[in-house]
2 protein chains.
Amino acid sequence: MKLSPRIESFVMHCGEMGSRWGFNRTIGQIMGLLVMSEQALSANEIGETLSISRGNVSMGIKELQSWRLVNVQHIAGDRKDYYLPSGSIWELANRIFEERSKREIDPTLSLLRDSLLDEPSNQHEEYALQQMDEIHDLLETLTKWARELQSVSPEKLTTLMKLGSGVVKMLDFKDKVVKSSKH
Amino acid sequence: MKLSPRIESFVMHCGEMGSRWGFNRTIGQIMGLLVMSEQALSANEIGETLSISRGNVSMGIKELQSWRLVNVQHIAGDRKDYYLPSGSIWELANRIFEERSKREIDPTLSLLRDSLLDEPSNQHEEYALQQMDEIHDLLETLTKWARELQSVSPEKLTTLMKLGSGVVKMLDFKDKVVKSSKH
DNA sequence: CTAAACGTTCAGAAATTATTGAAAGTTTAG
DNA sequence: CTAAACTTTCAATAATTTCTGAACGTTTAG
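All residue numbers refer to position in the chain's written sequence, counted from 1. Chains and ligands are labelled sequentially in the order written, the chains with letters from A and the ligands with numbers from 1. pLDDT decides what is reported in this predicted model: residues at 70 or higher carry local features, side-chain atom pairs at 80 or more are listed and counted, and totals for whole chains, interfaces and linings draw on all residues regardless. Hydrogen atoms and water are omitted, and side-chain values are computed over all heavy atoms in the structure.

1. Structural notes on the protein's contact with DNA strand D
- Taken together, the neighbourhood of DNA strand D is formed by 19 residues, with A:R54, A:R79, B:T26, B:S53 and B:R79 sitting nearest.
- When the atoms of DNA strand D within 4 Å of the protein are sorted by group, sugar and phosphate make up 63%.
- Note that a phosphate oxygen of DNA strand D is positioned 2.5 Å from one of the side-chain N or O atoms of B:T26.
- At a separation of 2.9 Å, a phosphate oxygen of DNA strand D approaches a polar backbone atom of B:S53.
- For the purposes of this entry, the term helix denotes a DSSP run of H or I that reaches at least four residues, the term strand denotes a run of E that reaches at least two, and both are numbered from the N terminus. Of all the secondary structure elements, the ones that give two or more residues to the surface near DNA strand D are α4 (54-66) of chain A together with α2 (25-36) and α4 (54-66) of chain B.
- Ranked by residues supplied to the surface near DNA strand D, first place goes to α4(A) with 5 residues.
- Three residue categories are used. Nonpolar comprises Ala, Val, Leu, Ile, Met, Phe, Trp, Tyr, Cys and Pro, charged comprises Asp, Glu, Lys and Arg, and polar comprises the others, including Gly. Here the residues of the surface near DNA strand D sort into 3 nonpolar, 8 polar and 8 charged. A molecule or strand has a residue near it when one of that residue's heavy atoms lies within 4 Å. In protein, a polar contact requires one atom able to donate a hydrogen and another able to accept it; more generally it is a pair of N or O atoms within 3.5 Å, and residues adjacent in sequence count only if both atoms are side-chain atoms.

Listed below in structure tokens is the structure:
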């Protein structure tokens, strides 16, 4: 499949950014390609378009499935697997976010939880544990916040995001209302 | 410098997580070590404690400085540079967040902006550009949100975070108040 | 001025990660 | 059952990233 220059440069960009987004070049390219394509693509089409081996496509798709970013589609009378993004751009971003906190935050949180069970045993540990405790708190708050936002409907989330720092003004507003109702 | 088992395992964990957080093992370890240490450390102390070469420490510190995560401290009558984290845990997390969006989002945003200037030139591009546009929107909203939250004071941000999905209930609350005031 | 005590750089070596392609596994049409 | 059309796996290889240590630069004490 030949890509237009513009689409090709987007796909290649996804490759370059791949490792920053948490996967590797090939996987970035595959995802970029699938997102750009209106039809689901077969493994062969993907491999030919990106000039990568059949085996590599298979591994890449497997990884993307573990991130819940692609789904398989079957076409009646055709034995091939056709791959497509598992949802809208919004949903994909959400999954990446979720999956990344699982990989980047959860392990640390669990280490810190264990580590903080015992009392400090000397001067150095006193300070170190204090620091660990702060990190622990921060991460707990972050994941709690993230988890709760996951359960909010996309529309409300959009409203919230569009509001930006207006959220803070709203906080003040609520404070005022609550206070004045106490009088 | 000999570390207690608990501190050592935290530092090693930072090493393992390093690449997931956007840097590499050594850099993760150095940062972990500095965060655990009440006193600023010299390059030699860092290298000896972590068993890494002098050159590697130098490069690691340089990288951490480019992330604005460590500062240098000088002690009168001592020629050595002493390194320490550039702020509280909260501030460090903030900087990592900021720096990562710079590296993970900005380049894509700029590619998309350019790419979306011209009209689609065929059927495939029509769909592809629509997708690019959605990604563009999402990233713009995200960065705007992030930028605005950066300008909010830590205390208010803490209140906001502790509130969690309560924020959404507040949205409803505001709606109600606004609506009822229209009667 | 010299030597010691630092920090920095960078070419080559080592370690890690990604990729290929051949072999093996699976499914289905005939 | 067999062959064809697929997918998956994995050992070997290639590419990339990280690390070392020697060479070099700078500053200052004596």
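From this point, the narrative continues.
2. Quick look at the domain arrangement of chain A
- Domain assignment breaks chain A into domain 1 (5-89), domain 2 (105-151) and domain 3 (153-183).
- The centre of domain 1 of chain A, based on its C-alpha atoms, is set 37 Å off from the matching centre of domain 2 of chain A. Segment limits for the domains were obtained from an automatic or database-derived domain assignment.

3. Comments concerning the side chain of B:T26
- Inspection of the secondary structure puts B:T26 in helix α2.
- Exposure is judged per residue with a 1.4 Å probe applied to protein chains only, and the accessible area is read against the type maximum: over 50% gives exposed, under 20% gives buried, and values in between give partly exposed. Since its relative accessible area comes to 14%, B:T26 is described here as buried.

4. Notes on the pairing of strand β3 (residues 81-85) of chain A
Residues and elements named next belong to chain A.
- One bridge is not enough; two strands pair if DSSP finds at least two bridges between them. Here strand β1 (residues 41-42) runs beside β3; their pairing, made up of 2 bridges, is antiparallel. Each residue of the ladder has a partner; that of S42, found in β3, is Y82.
- Pairing geometry for strand β2 (residues 70-74) and β3, over 5 bridges, is antiparallel. Bridging across to β3, Q73 finds its partner in Y82.
- Hairpin remark: β2 followed by β3, antiparallel, with 6 residues in the connecting loop; positive phi at G77, about 75 degrees.

5. With respect to the protein's contact with DNA strand C
- Taken together, 19 residues are adjacent to DNA strand C, and A:T26, A:S53, B:R54, B:S58 and B:R79 come closest.
- Close to the protein, within 4 Å, the atoms of DNA strand C are drawn from sugar and phosphate at a rate of 61%.
- Here A:T26 contributes a side-chain N or O atom positioned 2.6 Å from a phosphate oxygen of DNA strand C.
- In the model, a phosphate oxygen of DNA strand C is placed 3.2 Å from a nitrogen or oxygen of the A:N56 side chain.
- Of all the secondary-structure elements, those providing two or more residues to the surface near DNA strand C are α2 (25-36) and α4 of chain A together with α4 of chain B.
- Per element, the largest residue contribution to the surface near DNA strand C is 5 residues, and it comes from α4(B).
- In the surface near DNA strand C, the residues fall into 4 nonpolar, 7 polar and 8 charged.

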